[in-house]
Every structure is written in C-alpha cells, then in structure tokens.
Amino acid sequence: MHGRIKVRTTEEQNLQKHKEQQKKLTAYRMGMKQILATRDADSYNKDSLALSAQLLTINPDIYTLWNYRKEVVLIEIKKSYQDEVADDQKLIHFFEEELRLTEQCLLSNPKSYGSWHHRYWILNHHTKPNWQREFDLCNKYVSLDDRNFHCWDFRRLIVNKIGISLADEIAFSTERININFSNYSSWHYRSTLQILNDENSVANDLILVQNAVFTDPIDTSAWFYLRWVLSHPGITKIQKEDLLNALEQLQELEPECKWIIMAKCWLVKQGNLEKDAICRLKRYYTELIKLDPLREGHYKDCFKVF
Amino acid sequence: MEYELPTEFDIIIIGTGVIESIISAAASRIGKRVLHIDSNNYYGGLWASFNLDAIHKLSANTEVLEPPTDLLNPDETTFALGNDFFSLKNFKTDWHIPKAETQPENENVEEKNEPESEEKPEKPMTQESLIKDGRKFNIDLAPKLQFARGEFVELLISSNIARYSEYRSVSRVLTWLNGQLETVPCSRSDVFANNKVTVIEKRMLMKLFMALDSGDQEYLNYDNKTFRAFLTDKKLTPSLIHYVLYAISMSTDETLCLQGIQNTKRFLDSLGRFGKTPFLFSMYGSGEITQAFCRLSAVFGGIYALSQPLSSLIFDNENNFKGLICGKQRISAEFLVMGAEKAPPEFIKSPPRSFIARAVFITDRSIMSSEKEHLTLLLYPPEGGKNSCVIIELGTLTGTCPKDLYLVHLISQQVASPEDDFKHCVENLFSKFEDDKKPKILWSCFFSIPDSNALDLKTGVPGNVVLCPGPDLDLDYDDAVKKAKAIFSDLYPDTEFLPRAPDPEDIIIEGDTEDRNDEDEVVLKPEENTDKVAESETEAKSDNDQEVPKSENEHEE
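Calculation notes
- Residues numbered from 1 in each chain as written.
- Chains lettered and ligands numbered in written order.
- Predicted model: local features only at pLDDT ≥ 70, side-chain atom pairs only at ≥ 80, totals over all residues.
- Heavy atoms only, no water.
- Helix = DSSP H or I, 4+ residues; strand = E, 2+ residues; numbered from the N terminus.
- Buried < 20%, exposed > 50% of the residue type's maximum accessible area, 1.4 Å probe, protein only.
- Contact = heavy atoms within 4.5 Å.
- Areas by Shrake-Rupley, 256 points an atom, 1.4 Å probe, with all protein chains shown as cover.
- Rg over C-alpha atoms; globule rule 2.2 N^0.38 Å.
- Pairing = 2+ DSSP bridges.
- Axes fitted to C-alpha atoms, helices over the stretch in contact; angles between N-to-C directions.
- Parallel < 35°, antiparallel > 145°, perpendicular 65-115°, else oblique.
- Nonpolar A, V, L, I, M, F, W, Y, C, P; charged D, E, K, R; others polar.
- Salt bridge = Lys/Arg side-chain N within 4 Å of Asp/Glu carboxyl O.
- Phe/Tyr/Trp six-rings, centres within 6.5 Å; stacked < 30°, edge-to-face > 60°.
- Lys NZ or Arg CZ within 6 Å of the ring centre and 35° of its normal.
- Left-handed = near helix turned anticlockwise from the far one by under 90°.
- Lys, Arg positive; Asp, Glu negative; His and termini not counted.
- Polar contact = N/O pair within 3.5 Å; in protein donor to acceptor, adjacent residues only side chain to side chain.
- Right-handed = clockwise from strand over helix to strand, strands pointing away.
- pLDDT = per-residue confidence, 0-100.

Some points on the overall build of chain B
Scanning chain B from terminus to terminus reveals 14 helices and 21 strands. Counting all 557 residues of chain B, 53% fall into the buried class. Long-range contacts, defined here as pairs at least 24 residues apart, represent 74% of the contacts in chain B between residues at least 6 apart. Accessible surface for chain B amounts to roughly 25200 Å². Of this, 48% is attributable to carbon and sulfur atoms.

Here it is in structure tokens:
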C-alpha cells in the first residue's frame with residue numbers, strides 16, 4: 001500500500017535483525033545449493049520441490065526458483081502424456097498446488113513479479129483453468145490496493161485470453177470508479193475497454209468524468225481521462241459548448257486550478273469553436289503561465305504549435 | 001431463591017441504565033467494591049431491549065415493599081424506592097395483521113383492508129408467525145447510533161470494552177426532500193455518484209466540506225446568525241442547504257451558526273473510519289451497550305444481582321445515606337448511585353416536563369428498497385410545527401429482527417403525543433393497505449420517555465447520593481458519557497476513568513519485536529454477510545500503519 005511509514009529500529013533491534021538475517025542467509029544458500037544440485041532434465045527431486053516452496057513463501061522474488069518449478073511442471077506434463085491412463089486428475093492436482101503456492105506468496109507480497117507471472121504461466125498450461133476464480137482473485141487484490149498494477153495487468157491478460165463480456169467489464173470499471181475516482185488505474189482500464197463506440201456511451205462517459213472533475217478538480221487522473229474522451233471524434237459541438245460553460249462556472253469557484261484552463265485549451269484546440277480560438281488560447285495560456293510559472297516554456301510551445 | 005448478598009460495599013448502584021453502568025465499570029476498574037443491583041429481571045432499565053414477547057409484558061413497577069423495621073438503628077429514617085415520574089408513558093402496542101391464518105377476524109386486530117392473496121403465493125403475515133419468531137426480536141427502548149470517531153467509540157476502544165460488543169456500520173443516510181426519500185451524499189464518492197445534484201452543486205458541497213475540515217475562520221462573523229444564514233451566504237442551492245442543514249448537521253432553521261458547524265464537523269470527522277457513513281449500530285440492539293459495561297465491572301469484581309426485592313433507603317439524622325434494604329438484608333456503602341427512576345419520590349424536586357416521543361414498527365420491507373439489506377438512518381426534517389425525527393431502520397443482519405422483516409425506530413422531541421408527532425412520517429413512509437411499494441406496518445408500539453436530562457437532579461439529594469438521568473435525545477452516547485464521567489470524578493476525584501484493561505494478546509513475550517497492537521482497531525467480528533464488516537475492517541486497517549510480515553529486501557539475488 002502507498003504512503004506507509006517505516007519504523008526505525010533501535011541499535012539492539014538492529015543487531016537482533018542482523019543475526020536473524022545471517023541465519024536466513026545461510027538457510028537460503030544451503031537451500032539453493034541443494035535444489036540446483038538435483039536439477040535434471042527428466043526427473044525431479046520431491047524434497048527439492050518442497051524446499052523451493054518454503055523458500056518462495058519467505059521470498060517470492062527468487063525467480064530462479066519459480067523457473068525451477070516451471071521445469072518441474074513441464075516434466076509432470078510430459079509424464080502425464082506418457083501415462084496411458086486418460087485421467088489427468090493427478091496433473092490437475094499438481095497445477096492446483098502450484099496455484100495455491102502463488103496465492104500464499106501473493107498474500108505476503110501482492111506485488112511480486114514472480115508470483116503473478118508464475119500464476120499466469122500455470123494457467124496457460126492448466127488443462128481445466130477456473131477463470132472465474134481468477135477474476136475473483138483480481139477483484140480481491142484490486143480492492144486491497146487499487147493501484148497494484150500487477151493485478152490490473154493480470155486482469156488484462158485474462159480478459160484477452162478468454163474474451164469476457166464487455167458489459168461485465170464496463171460494470172466492473174464503473175464500480176471501481178464509483179468506489180474511488182481518484183485512481184488513474186481505474187480510468188486507464190476503462191479507456192482500454194474501447195467502450196466509446198457510439199454517441200450514447202460518449203455522452204455517458206463525458207458525464208461520468210465531469211462528475212469526477214467537478215467533485216475534485218485537484219485530482220489529475222480524471223482530467224487525463226477527460227482529455228482522452230475529448231479526443232474522440234464523436235464529440236458534438238453542443239457537448240463542447242456545454243462543457244465549456246460548465247468549466248467557466250467551475251473556474252469561478254476554483255480560480256487556482258490550472259487543469260480547468262488546460263481543459264478549456266483542449267476544447268478550443270479541438271476545432272469547430274474557431275470564432276475567436278486564437279484569442280482565447282492566448283488568454284488561457286497567459287493565465288496558465290501565471291498559475292504555473294515553472295512550465296512557462298511548455299505553454300509557450302503549446303501556443304506556438306497551434 | 002434465598003441467598004444472601006454481602007452487606008458492605010464501597011458503592012451501591014441501583015439501576016442498570018447506561019450512565020449507571022458506565023459508573024459501575026469505572027468504579028470497579030479502580031478497585032472499588034461495587035454492588036450493582038436492580039429490581040428488574042433484565043439489564044438496561046429505561047435503555048433496555050426486549051423481545052416481542054417481553055415487550056408486551058412491560059408494566060410500571062408500582063409495587064412498594066414494606067421494609068422490615070428491625071434493620072434500623074435509632075435515629076434513622078427510611079425512604080421507599082421507586083417513583084412514577086420517569087417510567088414510560090402512553091405505552092401502547094397494536095397488531096395490524098390477523099392473529100392467525102384461519103381467523104381473519106379478531107377483536108385484537110385493527111382491521112386493515114387485506115385483499116385475498118390472489119397475486120401473492122406466500123402466506124400473509126400473521127401475529128402467530130411473528131410471535132413464533134418472537135425471540136429473534138431485540139426492540140430497544142432507547143436506540144442509538146455511534147459516531148465512528150465520537151467520544152463513545154473512543155471510550156470503547158481506550159477502555160477495551162469494545163471486545164464485549166459487536167457493531168455494524170450504518171450503510172446509508174437518507175432524508176425527506178421535496179416529497180420523497182433522498183440519499184444524503186456524505187462522502188466524496190457519494191457526492192461523485194449522486195445524480196440528483198448538479199456538477200456545480202457537487203463542487204460547492206465538496207468545497208464546504210473541505211473548508212469546514214480545514215478550520216476556515218470566516219464564520220467568526222456569524223456569532224448570532226443562524227447556520228442556515230451562513231449556508232445561504234455561501235451560495236449553496238436549496239437542495240444542498242437541506243442536505244447540510246437538516247441531514248448532515250442535524251440542525252434546524254434556528255440552530256446557530258457555530259453549533260451547526262460543530263455538528264457538521266462531528267459528522268464529517270467520523271466518515272471513512274468504519275464504512276461509508278459516520279455511524280455504527282450495536283449488534284443485537286442498543287440494550288447490549290449497558291451489558292458491555294456491566295461485564296467489565298463484573299470482571300473487576302463488581303457484584304451483580306437482578307430481580308432484587310429493593311424496598312427502601314436508610315438515612316441517618318444528618319441526612320447521610322447509610323444503607324439499602326434489600327429483602328431482609330441491610331447493605332451499606334459509602335456512596336449510592338441510582339437511576340432517577342429508582343429514586344424515592346421525595347428526591348425528585350422538579351418532575352420532567354419534556355418527553356421523548358417514540359415509536360417502533362415491525363414492517364415487511366424497507367422504506368427504500370434496494371438489492372442488498374441496508375442499515376438506514378433517515379433524518380426527517382422539521383415539518384408543520386413538528387420537530388425533526390430520527391428514524392432508524394434495522395434489518396435482520398443487525399440481529400434485531402427475523403429474516404425478511406424490518407424493525408423501524410422513530411425518535412423525536414415530543415410536541416403533542418407520539419402518535420400525533422409521527423403521523424406525518426407514517427403517512428409518507430408507510431402504507432397500511434396492500435401497497436406494493438411502501439412498507440406495511442405489521443405491529444406498532446408508541447410510548448413516551450420522560451426526559452430527565454435537563455432536570456436538576458442534585459438539589460435536595462443527600463451528599464453521598466447521586467441520581468443518574470435516563471435516556472436523552474442525542475443520537476450518540478456522548479452526553480451520557482460526559483455525565484457519567486462528571487459523576488465519577490465527583491465521587492472519586494483524581495482517579496483514572498476506565499483505563500485500558502490489558503488483554504492476552506497485548507502481553508509481549510521477550511524477543512518478539514514484531515507485535516504492535518493497533519489501538520485504533522475495533523475488532524468487528526466476521527459475519528456471513530461480509531461486505532459491510534469486511535469493508536470496515538479493511539478501512540480501519542488502512543487508517544494506520546499496517547503490520548505486514550516484511551517481505552524481504554534482505555535476500556540475495
């Protein structure tokens with residue numbers, strides 16, 4: 001989670017920690033040695049496998065061990081094909097064990113590249129993957145920390161893999177935004193769903209994002225989404241004018257917020273408000289430079305380009 | 001059952017209302033020998049909760065026992081306990097459904113047009129079916145909500161009494177605006193998601209919230225002006241003023257600006273701690289609250305006795321309290337604390353002149369239907385000469401009523417009578433006929449609680465005796481806690497009020513450096529419907545430094 005304070009430990013606790021670290025280090029070294037010694041192309045040592053699980057639970061970032069386990073899984077798969085019996089229960093059981101291990105590792109560290117990747121890799125090889133469970137897992141981790149990009153990416157991978165219904169994902173995205181609209185990841189996910197395919201959805205999303213920027217103009221994630229929505233060719237002139245008026249009103253309430261002016265710039269630049277576009281832009285950019293002097297050069301450039 | 005109580009204590013407490021129970025816990029906690037005693041066979045006194053059977057049997061305790069005269073010393077006098085001033089008035093219960101399936105007519109029933117169930121495949125509700133489930137009801141006389149960051153919750157946490165009770169968070173706050181029920185936007189996400197408020201109104205509301213939060217100094221000029229005037233000057237639209245004035249700050253048109261601001265801050269401060277609204281409700285009813293404090297008192301040695309034959313108090317010729325006559329025993333103590341309703345009538349100099357109007361309904365659906373069950377607080381604004389009403393709707397998940405039924409409490413400062421005072425609410429929110437949309441009242445109960453809080457309960461009362469007021473109109477227990485604290489520090493000055501009791505998990509074994517018990521975390525017990533409680537638990541945790549087993553930066557790559 002973000003913004004956590006680290007606790008300073010005293011000298012004594014430092015020493016204590018160092019001792020514990022040394023112990024862990026020795027255990028780790030011995031473990032790795034043993035596992036790598038027993039590596040083989042055709043078979044694997046069950047003890048080593050168990051040992052790797054232990055080490056990974058403590059530290060899921062040892063990608064060597066994840067890859068070792070992948071090798072073991074491949075061996076198991078090969079064995080299962082060679083077995084005459086058509087029953088893949090044993091194999092499925094094996095896969096489930098791997099998934100359980102990744103879940104355990106995720107509990108202790110929801111942001112480990114290794115755990116997420118291993119999970120996805122297993123699902124790709126799994127003969128009967130339970131995708132609904134994966135969605136539930138995603139939902140759980142997103143609600144624990146809605147900025148966990150591993151989780152968002154995982155969701156995107158699954159969606160691409162099985163092609164879920166758009167309506168469901170839109171509902172999910174709307175729900176996330178309702179819970180907390182200050183989340184760039186939620187907005188970004190929404191934009192990847194490619195939902196702006198008709199005027200209705202454009203209008204709806206315009207309203208949604210307007211709600212966000214008005215409720216909290218300081219939150220930048222909503223402004224970025226607004227810019228993206230505005231870049232859609234389907235925005236009508238009336239919508240633009242309405243938005244412009246609303247932004248003017250908002251500016252009266254929040255004169256210090258540069259994003260409102262920037263939004264006005266986006267609107268005007270878009271075209272078909274040509275009447276006094278250049279004049280307005282000049283005014284806007286002058287205001288922006290006053291509010292945000294550190295970016296003076298940038299604003300001057302923006303104006304020049306137009 | 002004949003048994004004898006010990007005959008000497010440091011303090012005797014008569015009555016198990018909230019204030020008495022808090023004092024009992026505090027005294028017991030600092031090592032005083034406490035006798036906490038009640039003539040009722042239940043805990044809670046005027047703050048108790050009852051199941052459906054027991055509430056029909058509530059009667060004023062008017063029996064006056066004759067004290068045995070051989071227990072008195074010369075020069076001592078007695079005063080008989082118990083008075084009529086504070087007992088429930090105008091108590092009335094009514095069924096609005098038939099008694100049983102085969103008997104559509106019954107003299108007990110206030111007949112409502114119940115069309116034959118042509119459309120409904122389920123059986124119509126009968127008194128019989130409700131009474132069968134009667135034990136699943138927990139009907140509070142004085143229901144309350146707790147502010148998540150209010151004094152009461154802080155007391156529960158600091159004293160660790162929190163572990164004796166469970167809570168659910170109120171999931172929505174409603175108000176009555178322009179002839180219909182509207183959700184009050186409390187938090188940022190509420191304001192965002194609300195589609196009855198324009199975008200500019202959203203901005204204004206958020207600005208106001210943030211200004212109040214940051215301690216804006218502007219309102220110092222509004223010393224004698226009303227909160228409504230302040231809000232109007234801030235250019236809030238009428239709807240917004242309604243939400244802020246009547247709902248969020250629970251004020252009236254006459255409330256002064258500073259008070260209104262304080263109320264608003266109280267509301268906003270408690271947001272986000274345990275859920276989407278600032279409020280908690282005690283599972284199984286507010287009657288559990290008194291029991292939680294009694295439990296702590298007992299843990300530290302307090303002696304408890306219910307159903308006691310209390311007859312009178314003994315005073316010496318200097319008007320000091322000497323003892324209590326209970327059955328055949330004389331029990332003495334240095335101090336006596338009692339609920340105002342237990343006191344001898346001679347101690348009550350001025351009878352109560354204001355009352356709390358109350359109504360309780362059992363209904364068949366929510367006042368505002370939705371997919372999942374809500375715990376609703378409806379703040380009904382003042383209307384037509386009537387005062388504002390607090391309406392609390394409880395579903396089965398609160399442990400106060402059976403499945404598919406709702407318990408609705410109405411509380412208001414009485415103007416005429418409970419039935420009169422709530423008539424408009426009843427008409428607007430409930431139907432007495434088969435109406436698909438509005439909930440039907442299956443059972444109703446009206447009564448008035450005399451308000452003992454503004455009274456002078458000190459004059460004419462002997463020095464070592466204290467009278468405790470009963471239920472008040474405050475939504476939370478803050479006032480009750482204040483009063484209990486004041487009484488306690490009068491009795492035992494320079495002592496600590498309910499210091500935290502250690503619990504087993506707090507004891508740190510040498511060498512274990514990881515554990516830090518988060519003081520802010522109220523442990524809400526897990527339930528089947530996990531969305532409310534789990535949400536709250538996560539949110540409570542995210543408030544503080546979370547202890548996560550450190551996943552190592554110490555490994556070697």
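Remarks on the overall build of chain A
A tally of helices and strands in chain A yields 15 helices and zero strands. The C-alpha radius of gyration of chain A comes to 27 Å, more than 25% above the 19 Å expected for a compact globule of 306 residues. Dimensions of chain A along its principal axes, counting C-alpha atoms only, are 75 × 60 × 35 Å. The buried share among the 306 residues of chain A stands at 45%. Considering only residue pairs separated by 6 or more positions, chain A has 61% of its internal contacts joining residues 24 or more positions apart.

Here's the deal with the sheet that holds strand 8 (residues 167–169) of chain B
All names here are of chain B. As summarised here, the arrangement of the three strands in space is 7-11-8, forming an open sheet in which the pairing is antiparallel. Every interior strand has two partners, whereas the edge strands, strand 7 (146–147) and strand 8, have only one. Strand direction decides the pairing type here: strand 7 and strand 11 (residues 279–282), joined by two bridges, are antiparallel. Counted as the bridge partner of Phe-147 is Phe-279 from strand 11.

Describing the packing of helix 10 (residues 199–215) of chain A against helix 12 (residues 237–253) of chain A
Residue and element names in this part refer to chain A. Contact geometry for helix 10 and helix 12: axes closest at 12 Å, N-to-C directions at 5 degrees. Compared by their axis directions, helix 10 and helix 12 come out roughly parallel. Residues Ala-203, Leu-206, Gln-210, Val-213 and Phe-214 of helix 10 form the contact with helix 12, whose participating residues are Gln-239, Leu-243, Ala-246, Leu-247 and Leu-250. Across the contact of helix 10 with helix 12, the residue classes tally to eight nonpolar, two polar and no charged.

Structural notes on unusual backbone geometry
Residue and element names in this part refer to chain B. A positive phi angle is found at Met-250, which is not glycine, with a value near 45 degrees. Positionally, Met-250 belongs in the loop between helix 8 (238–248) and helix 9 (257–269). In this structure, Asp-494 is a non-glycine residue whose phi angle is positive, near 65 degrees. Along the polypeptide, Asp-494 turns up in the loop between helix 13 (478–491) and helix 14 (530–542).

Description of the environment of Cys-105 of chain A
All names here are of chain A. By the element assignment, Cys-105 lies in helix 4 (residues 89–108). A residue is classified by how much of its surface remains accessible, and Cys-105, at 0% relative accessible area, is buried. Through-space distance from the C-alpha of Cys-105 to that of Leu-36 is 21 Å; in sequence the pair is 69 residues apart. When near neighbours in sequence (up to four residues on either side) are disregarded, Cys-105 contacts Leu-56, Thr-57, Pro-60, Trp-66 and Ser-115.

So, the pattern of salt bridges
A full pass over the atoms with the stated rule returns 40 salt bridges over all chains. Measuring nitrogen to oxygen at the nearest pair gives 3.8 Å for the salt bridge that ties Arg-33 of chain B to Glu-8 of chain B. You can see Arg-33 of chain B sitting in the loop between helix 1 (18–29) and strand 2 (34–37) and its partner Glu-8 of chain B sitting in strand 1 (residues 8–14), a full 25 residues away along the chain. Residue Arg-33 of chain B is classed as partly exposed on the basis of its relative accessible area of 40%. Taken together, the salt bridges that share partners define one network made up of Glu-96, Glu-103, Arg-119, Arg-133 and Glu-134 of chain A.

Details of the packing of aromatic side chains
A full pass over the atoms with the stated rule returns 36 aromatic pairs over all chains. Each ring, one from Phe-79 of chain B and one from Phe-347 of chain B, has its centre 5.5 Å from the other, and the planes form 55 degrees; the classification is tilted. Within this pair, whereas Phe-79 of chain B is found in strand 4 (residues 77–80), its partner Phe-347 of chain B is found in the loop between strand 15 (329–339) and strand 16 (355–363), the two being separated by 268 residues in sequence. Seen from the ring of Trp-121 of chain A, Lys-70 of chain A lies directly overhead, with NZ or CZ sitting 5.9 Å from the centre. It is Lys-258 of chain A that lies over the ring of Trp-259 of chain A; its NZ or CZ is 5.2 Å from the centre.

Let's talk about the sheet that holds strand 9 (residues 172–177) of chain B
All names here are of chain B. Here eight strands make up an open sheet; going across it, the order is 5-20-16-19-18-17-9-10 and the pairing mixed. Each having just a single partner strand, strand 5 (89–95) and strand 10 (180–183) make up the two edges of the open sheet. Averaged over neighbouring strand pairs, the angle between their axes works out to 20 degrees when direction is ignored. Direction of pairing for strand 9 relative to strand 10: antiparallel, over a ladder of four bridges. Residue Leu-174 lies in a different strand from strand 10, and its bridge partner there is Thr-183. Along the sheet face, helix 8 touches strand 9, strand 10 and strand 17 (376–380) and points at about 120 degrees away from the line of strand 9.

Quick look at the packing of helix 1 (residues 11–37) of chain A against helix 3 (residues 63–82) of chain A
Residue and element names in this part refer to chain A. Contact pair helix 1 / helix 3: the axes reach a minimum separation of 12 Å and the direction vectors enclose 30 degrees. With respect to helix 3, the element helix 1 is oriented roughly parallel. Helix 3 is crossed by helix 1, and the crossing has left-handed handedness. In contact with Met-32, Ile-35 and Leu-36 of helix 1, helix 3 contributes Thr-64, Leu-65 and Tyr-68.

Comments concerning the side chain of His-118 of chain A
Residues and elements named next belong to chain A. Considering the arrangement of structural elements, one finds His-118 in helix 5 (residues 113–125). With relative accessibility at 0%, the residue His-118 sits in the buried group. Residues in contact with His-118, not counting those within four places in the same chain, are Trp-66, Arg-69, Lys-70, Glu-98 and Thr-102.

Concerning the side chain of Glu-20 of chain B
Residue and element names in this part refer to chain B. Among the secondary structure elements, Glu-20 is positioned in helix 1. One buried charged side chain, Glu-20, makes no salt bridge at all; its nearest oppositely charged neighbour is Lys-342, positioned 7.3 Å away. Here Gly-17 takes part through its backbone nitrogen, which lies 3.1 Å from a polar atom of the side chain of Glu-20. Dropping the residues within four chain positions of it, Glu-20 is found in contact with Ile-13, Ile-14, Gly-15, His-36, Met-338, Gly-339, Glu-341, Cys-468 and Pro-469.

Details of the environment of His-118 of chain A
In this structure, the C-alpha to C-alpha distance between His-118 of chain A and Asn-67 of chain A, residues 51 residues apart in sequence, is 8.3 Å. A polar contact is formed between the side chain of His-118 of chain A and the side chain of Glu-98 of chain A, at a distance of 2.8 Å.

Things to note about helix 11 (residues 220–230) of chain A
Looking only at helix 11 of chain A, the buried set comprises Ser-221, Ala-222, Trp-223, Tyr-225, Leu-226, Val-229 and Leu-230 of chain A. Check the buried side of helix 11 of chain A and you find it contacts helix 9 (184–192), helix 10, helix 12 and helix 13 (258–269) of chain A.

Here's the deal with helix 4 (residues 151–159) of chain B
All names here are of chain B. Listed as buried for helix 4 are Phe-152, Val-153, Leu-155, Leu-156, Ile-157 and Ser-159. Looking at the buried side of helix 4, the elements it contacts are strand 7, strand 8, strand 11, helix 10 (287–299) and helix 13. Of the residues trailing helix 4, Asn-160 is marked for its positive phi of about 70 degrees.

Remarks on the pairing of strand 1 of chain B
All names here are of chain B. Within strand 1, six of the seven residues are buried, leaving the element largely enclosed by the surrounding structure. Both strand 1 and strand 15 contribute to a ladder of six bridges, which runs parallel. By the bridge assignment for strand 15, Ile-11 is matched with Phe-335. The sheet contact formed by strand 1 and strand 2 spans four bridges and is parallel. By the bridge assignment, Ile-14 is partnered in strand 2 with Ile-37. Crossover strand 1 to strand 2 through helix 1 is right-handed.

So, the confidence of the model for chain B
Low pLDDT means the predicted atomic positions in that stretch should not be read closely. Residues and elements named next belong to chain B. Scored by pLDDT, chain B comes out at a mean of 83, with 82% of its residues at no less than 70. Note that residues 103–121 has pLDDT below 50 and, in this model, 26 contacts with residues that lie over four places away or in other chains. Note that pLDDT drops below 50 for residues 507–557; the model gives that stretch 79 contacts with residues more than four away or on any other chain. For this predicted complex, the interface confidence reaches an ipTM of 0.74, while the overall pTM sits at 0.79.

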